[in-house]
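Below, each chain spelled out in residue letters.
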Amino acid sequence: MDGHIAVSRAICSTLLALQSDEGSVVDPVTKIPDQRATAEVAKSLLFTGKSREGIKSFRWLLEVQNKNGSFNETFSGFNEESCVATGIVGRLMLVAYRKAGDRKLLESALRAGEYVLSKEFSPGYFIKSPYHYGDILNVNATCAALLYQLHLDTGKQKYLDARNRAIYNTVRYQFKDGAYPYAAPARTFPYEYELNVKDPHYHSITLYFLLAADPDMENPYARISVAKAAEWLSSTMTRKGFSWRRCRLPFSIGATGGYGYAAYCFRRLGRIKDFENTMQKLGSMEKYQGLFGRYEPFSFPEMVGNVIDEVLYPHYAFQTKAIRLREIMRRYVRERRNVTPSLYYSAQIAECLTEITRTL
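Residues numbered from 1 in each chain as written. Predicted model: local features only at pLDDT ≥ 70, side-chain atom pairs only at ≥ 80, totals over all residues. Heavy atoms only, no water.

Participant: Residues and numbers for the overall build of the chain, please.
Facilitator: Of regular secondary structure, the chain possesses 14 helices and eight strands. Taken against the 2.2 N^0.38 rule, which gives 21 Å for 360 residues, the C-alpha radius of gyration of the chain at 19 Å falls within 12% of a compact globule. Oriented by its inertia axes, the alpha-carbon framework of the chain measures out at about 55 × 45 × 40 Å. Counting across all 360 residues of the chain, residues that qualify as buried make up 59%. (Helix = DSSP H or I, 4+ residues; strand = E, 2+ residues; numbered from the N terminus. Rg over C-alpha atoms; globule rule 2.2 N^0.38 Å. Buried < 20%, exposed > 50% of the residue type's maximum accessible area, 1.4 Å probe, protein only.)

In structure tokens form, the structure reads like this:
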């Protein structure tokens, strides 16, 4: 049951080789330093015996934090401030502060918290970025986790109140079967298709950050919601991994990062069989000298099943189905047949597995 320790150490050994002289962690494919991944790697290094290297990366993050307190999200040519990156980096700054005692890390997290609060569009609804402003559940949960940790360090009620708003605005959209959708029901530009759908990957992420936002389950909404969410997550996990036919979000089909979040959630909630299945799956996907690919390998039967499900799904107009089918086929044929090492997901998996060591 302690296999997560060996896997996290193996990942961190490889990730450490991607650390630049100034402390950033550079993607091996794009050659771009990623602020979120750097924070996740830094935190993982702190808890795998590499404290000096981890602090080095956190100090780089102090240098690149934007004047308004935000951190940037970087992918596919996108490099803009983001509540997701800010929430994650800010929370990990607090983890590092508690271990290293450097008040600059606390000050950085406080600035991140003020930025997040400034992006609360309506109660508990935090704008993801200037270009993505849908009511995205994992964004709200990520902000809730930072706000709760700030409350612990400062005792300020405003952070706890904001955390509670974020929890409520996340769990109120939960489906009756326990699944968290990717987004609230409202359709918003620039999205091309409905995002109020189920998906094991983002469900795992949302559940992970809700657990971080309320580890003692003091909030009654979180307590009820998490129990239902755990059941649905368990129903998606097989010996072969996630049942991707349960996924109705084309751009996350086959994503590997969700396994790290699921592993933590299963271990945290005492679902040991599911945890062991998840760790077995992670072990089988660890390639590239310790890194993970962005997606699981191509599966023809799985692709056929997803296509059939999409064609038969009764709630979309023909034009929406055509857009979604195009995205599903692109995911399988183009991206999952040419998988490259992913710093983005490898860092997330390492962070989740070291969180097991840190908190459980």
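After that view, the rundown keeps rolling.
Participant: Can you lay out the pairing of strand S1 (residues 71-75) for me, pointing to particular residues and giving the numbers?
Facilitator: Within S1, four of the five residues are buried, which leaves the element mostly enclosed by the surrounding structure. Where S1 meets strand S2 (residues 78-82), five bridges bridge the pair, whose relative direction is antiparallel. Looking at S2, one finds that Phe75 is bridged to Phe78. (Pairing = 2+ DSSP bridges.)

Participant: Go over the environment of Thr256, please, and point to the residues and values.
Facilitator: In this fold, Thr256 is placed in the loop between strand S6 (241-242) and helix H10 (257-268). A residue is classified by how much of its surface remains accessible, and Thr256, at 1% relative accessible area, is buried. Sequence separation between Thr256 and Lys104 is 152 residues; the distance between their C-alpha atoms is 34 Å. Residues contacting Thr256, with those up to four places away along its chain left out, are Met285, Phe292, Gly293, Arg294, Tyr295, Glu296, Tyr345 and Ile349. (Contact = heavy atoms within 4.5 Å.)

Participant: Go over empty space enclosed by the protein, please, and point to the residues and values.
Facilitator: As enumerated under the stated definition, the model contains one cavity of 30 Å³ or more in all. Residue lining of the largest cavity: Arg245, Cys247, Arg248, Leu249, Pro250, Ile253, Asn306, Asp309, Glu310, Arg324 and Ile328, and that is the complete set. Residue assignment for the lining of the largest cavity shows that the elements contributing at least two residues are helix H12 (300-312) and helix H13 (318-335). Looking at the lining of the largest cavity element by element, the count peaks at three residues for H12. (1 Å grid on protein atoms, 1.4 Å probe; cavity = no way out; pocket = protein on both sides within 12 Å on 5 of 7 lines; lining within 4 Å. Points joined across faces, edges and corners; volume = space filled by probe spheres on them.)

Participant: Account for the nonpolar core, with residues named and values stated.
Facilitator: Core analysis: the largest hydrophobic core is formed by 103 residues, its most contacted members being Phe58, Met93, Leu282 and Leu353. Among all residues touching Leu353, those that are not within four sequence positions of it are His4, Val7, Ser8, Ile11, Ala263, Met279 and Leu282. (Core = buried A, V, L, I, M, F, W, Y, C linked by side-chain atoms within 4.5 Å.)

Participant: A description of the packing of helix H4 (residues 83-100) against helix H6 (residues 137-154) should follow, citing residues and the corresponding values.
Facilitator: Two elements in contact, H4 and H6, have axes whose closest approach is 8 Å; the angle formed by their N-to-C orientations is 30°. Taken together, the axes of H4 and H6 are roughly parallel relative to one another. As H4 runs across H6, the sense of the crossing is left-handed. Together, Cys83, Val84, Thr86, Gly87, Ile88, Gly90, Arg91, Leu94, Tyr97 and Arg98 of H4 and Val139, Thr142, Cys143, Ala145, Leu146, Gln149, Leu150, Leu152 and Asp153 of H6 make up the contact between the two elements. (Axes fitted to C-alpha atoms, helices over the stretch in contact; angles between N-to-C directions. Parallel < 35°, antiparallel > 145°, perpendicular 65-115°, else oblique. Left-handed = near helix turned anticlockwise from the far one by under 90°.)

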